[in-house]
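Now for the letters of each chain:
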Amino acid sequence: MPMSEEFQGRLLNRLPEITSYFGTPFHIFDEKGILETGEGLKALFKTVEGFQEYYAVKALPTPAILQIMQKMGFGMDCSSPSELIMARQLGFRGEDIMFSSNNTSEALFKLSAEDGGCILNIDDLSMVERINPFPKLICFRYNPGERRTGNAIIGIPVEAKYGLRHDQIVEGYRRAKDRGAQRFGLHTMVISNERNYQYMLETVRMLLEIMEMVNQALGIQFDFFNISGGAGIPYRPDDKPFDMPALARESAGLIKQFSLKQGYAPRLFMESGRYMTGPHGVLVARVINRMSKYREYVGVDTSTWAANVRPAIYESAYHQITILDPAGRPRQGAQEVVDVVGPLCENNDKFARQRSLPRAEIGDLMVQHDTGAHSPAMGSNYNGWLRPQQLLLRKDGSVELIRRAETLDDLFATLKYEVKVLK
Ligand SMILES: *Cc1c(COP(=O)(O)O)cnc(C)c1O
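Computed from a prediction, not measured in an experiment: that's the story for all the values here.

A closer look at the side chain of Gln390
For step 1, the next point in the chain: Topologically, Gln390 is positioned in strand 16 (residues 389-393).
For step 2, the next point in the chain: Owing to a relative accessible area of 6%, Gln390 belongs among the buried residues under this scheme.
For step 3, the next point in the chain: A polar side-chain atom of Gln390 sits 2.7 Å from a polar atom in the side chain of Thr62.
For step 4, the next point in the chain: Residues in contact with Gln390, not counting those within four places in the same chain, are His27, Phe29, Leu60, Thr62, Pro376, Glu400, Leu401, Ile402 and Arg403.

See below:
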């Protein structure tokens, strides 16, 4: 079910006009779709008192997108200095920000405490002694280890570099309490791009158990628990979507049971990135070549590494493609099997491999679906190709530039420096 019918209806027939004004290539994001997904999430979790989404900034770190999240009352999930700084520049403060770093430097802990601080999510037991001053509100990232396995993408928890071991978690809260912490949270992330909601429900169940265990040992109650991100989206036409209504309903039930037994209910936090924006973005590129080698090739005017690196680096990543004629009408008719490629000197620069598509002519547009999360954000300048501009289709129908294309000056900027030689 990739790009929704509604998004197609809003966008495809406008593409000739948009491409002639902005040129190609570009990513374009759909404000209406993002708002509907976000408002939908809030509505589903209405029965969970204090539910809060923290959008995972790394999925699409562009201010205009983060401001849409802000309007919906969402917080920011940050994990690097630049993400923290960007969130603060937009006015996010204190408990609007979940900061989940790992292998964290002292300088980064300092930065996280500035400007009203944030909710600090500690990733290792050793960090408890190293944070000065120690915050009143503290969260630990839990790694369940052998107790369960994650899904294929995130791998096996015992091999993951994140979080406190099961046998360390009580000790973490004990030390935090000794250091003056008064409010507590619990976090974990054990799945990625998982469309079976049962995995996430299992995370809810697991974290509720851990909070009960910590409470028994130390007598502390929790402000919140954070099941983080990992809810998947249907990239392939016959993929089933993540059943968010079922997750909301069954989580509410588990929290209710917990509160009957424990006498209080912690808030539920979530850090969805892909689920929030993934389906609400597409890459638009121009077909510039048709080439016949041992395979048939359709070449477009941007590269995977610069524009959507997922199909290049993940064997299993699939992004649907729609071919439009220059007037913006989807090509119909006879299919051909092609590789859709960029210009990079690297053979995995393929947006699609052996894909059956209607015949694409030079001058046509390639629309690659579901690039709203982790697609432009993961790109790089490898081989010196520039990352494309980003546009936003506003809900009033206007189209706005929200990030300009990179220029050669950007690329060469790090080559301007003062001479520095150690003799
Ligand atoms: C990447 C990440 C997320 C978002 O993951 P999605 O799969 O995009 O939902 C959330 N929380 C943390 C800590 C992350 O590292």
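Moving on from the coordinates now.
Quick look at the sheet that holds strand 7 (residues 183-187)
For step 1, the next point in the chain: Pairing is parallel around the closed barrel formed by eight strands, whose spatial order is 2-3-4-5-6-7-8-9. Averaged over all pairs of adjacent strands, the angle between strand axes in this sheet comes to 30 degrees, irrespective of strand direction.
For step 2, the next point in the chain: The pairing of strand 6 (residues 137-141) with strand 7 spans five bridges and is parallel. Within strand 7, the position partnered with Ile138 by the bridge is Phe184.

Notes on the packing of aromatic side chains
The geometry of an aromatic ring pair is captured by two quantities: the separation of the ring centres and the angle between the planes.
For step 1, the next point in the chain: Summed over all chains, the structure comprises 10 aromatic pairs.
For step 2, the next point in the chain: Ring centres 6.0 Å apart and planes at 70 degrees place the aromatic pair Tyr173 and Phe184 in the edge-to-face group. Of the two residues, Tyr173 sits in helix 7 (residues 169-178) while Phe184 sits in strand 7, which places them 11 residues apart along the sequence.
For step 3, the next point in the chain: When its relative accessible area of 3% is taken as the criterion, Phe184 is described as buried.
For step 4, the next point in the chain: The structure contains a cluster of three or more aromatic residues connected by ring pairs, namely Phe140, Tyr173, Phe184 and Phe222.
For step 5, the next point in the chain: Over the ring of Tyr162 we find Arg141; its NZ or CZ atom is 4.1 Å from the centre of that ring.
For step 6, the next point in the chain: The lysine or arginine in question, Arg355, covers the ring of Tyr318, its NZ or CZ lying 3.9 Å from the ring centre.

Comments concerning the domain arrangement of the protein
For step 1, the next point in the chain: Split by domain assignment, the protein resolves into domain 1 (31-277) and domain 2 (278-413).
For step 2, the next point in the chain: Between domain 1 and domain 2, the C-alpha centre-to-centre distance is 32 Å.
For step 3, the next point in the chain: Counting from both sides, the interface comprises 29 residues of domain 1 and, opposite them, 22 residues of domain 2.
For step 4, the next point in the chain: Summed over both sides, the interface of domain 1 with domain 2 buries roughly 2,000 Å², with 55% coming from carbon and sulfur.
For step 5, the next point in the chain: Of all residues in domain 1, Glu31, Tyr235 and Thr277 bury the most surface against domain 2, accounting for 30% of the area lost on that side.
For step 6, the next point in the chain: Scanning the region where domain 1 abuts domain 2 turns up one salt bridge.
For step 7, the next point in the chain: Where Arg394 meets Glu31, a salt bridge forms, and the shortest distance between an N and an O atom there is 3.1 Å.
For step 8, the next point in the chain: For the pair domain 1 and domain 2, the number of links is 11 residue pairs in polar contact (both at pLDDT 80 or more).
For step 9, the next point in the chain: Within the residue set of the side of domain 1 that touches domain 2, elements represented by two or more residues are helix 3 (31-44), helix 4 (63-71) and helix 10 (274-277).

Digging into the site of the ligand
For step 1, the next point in the chain: In the vicinity of the ligand, the contacting residues are Ala56, Lys58, Asp77, Arg141, Met189, Gly229, Gly230, Glu271, Ser272, Gly273, Arg274 and His374.
For step 2, the next point in the chain: The separation between an oxygen atom of the ligand and a polar main-chain atom of Gly230 is 2.9 Å.
For step 3, the next point in the chain: Glu271 is positioned with one of its side-chain polar atoms (N or O) 2.6 Å from a nitrogen atom of the ligand.
For step 4, the next point in the chain: Notes on the ligand: free accessible area 390 Å², of which the protein chains cover 91%.
For step 5, the next point in the chain: A per-class count over the shell around the ligand returns two nonpolar, five polar and five charged.

Criteria and thresholds
Residues numbered from 1 in each chain as written. Predicted model: local features only at pLDDT ≥ 70, side-chain atom pairs only at ≥ 80, totals over all residues. Heavy atoms only, no water. Helix = DSSP H or I, 4+ residues; strand = E, 2+ residues; numbered from the N terminus. Buried < 20%, exposed > 50% of the residue type's maximum accessible area, 1.4 Å probe, protein only. Polar contact = N/O pair within 3.5 Å; in protein donor to acceptor, adjacent residues only side chain to side chain. Contact = heavy atoms within 4.5 Å. Pairing = 2+ DSSP bridges. Axes fitted to C-alpha atoms, helices over the stretch in contact; angles between N-to-C directions. Phe/Tyr/Trp six-rings, centres within 6.5 Å; stacked < 30°, edge-to-face > 60°. Lys NZ or Arg CZ within 6 Å of the ring centre and 35° of its normal. Domains from an automatic or database assignment. Buried area = accessible area lost by both parts, 1.4 Å probe. Salt bridge = Lys/Arg side-chain N within 4 Å of Asp/Glu carboxyl O. Near = heavy atom within 4 Å. Areas by Shrake-Rupley, 256 points an atom, 1.4 Å probe, with all protein chains shown as cover. Nonpolar A, V, L, I, M, F, W, Y, C, P; charged D, E, K, R; others polar.

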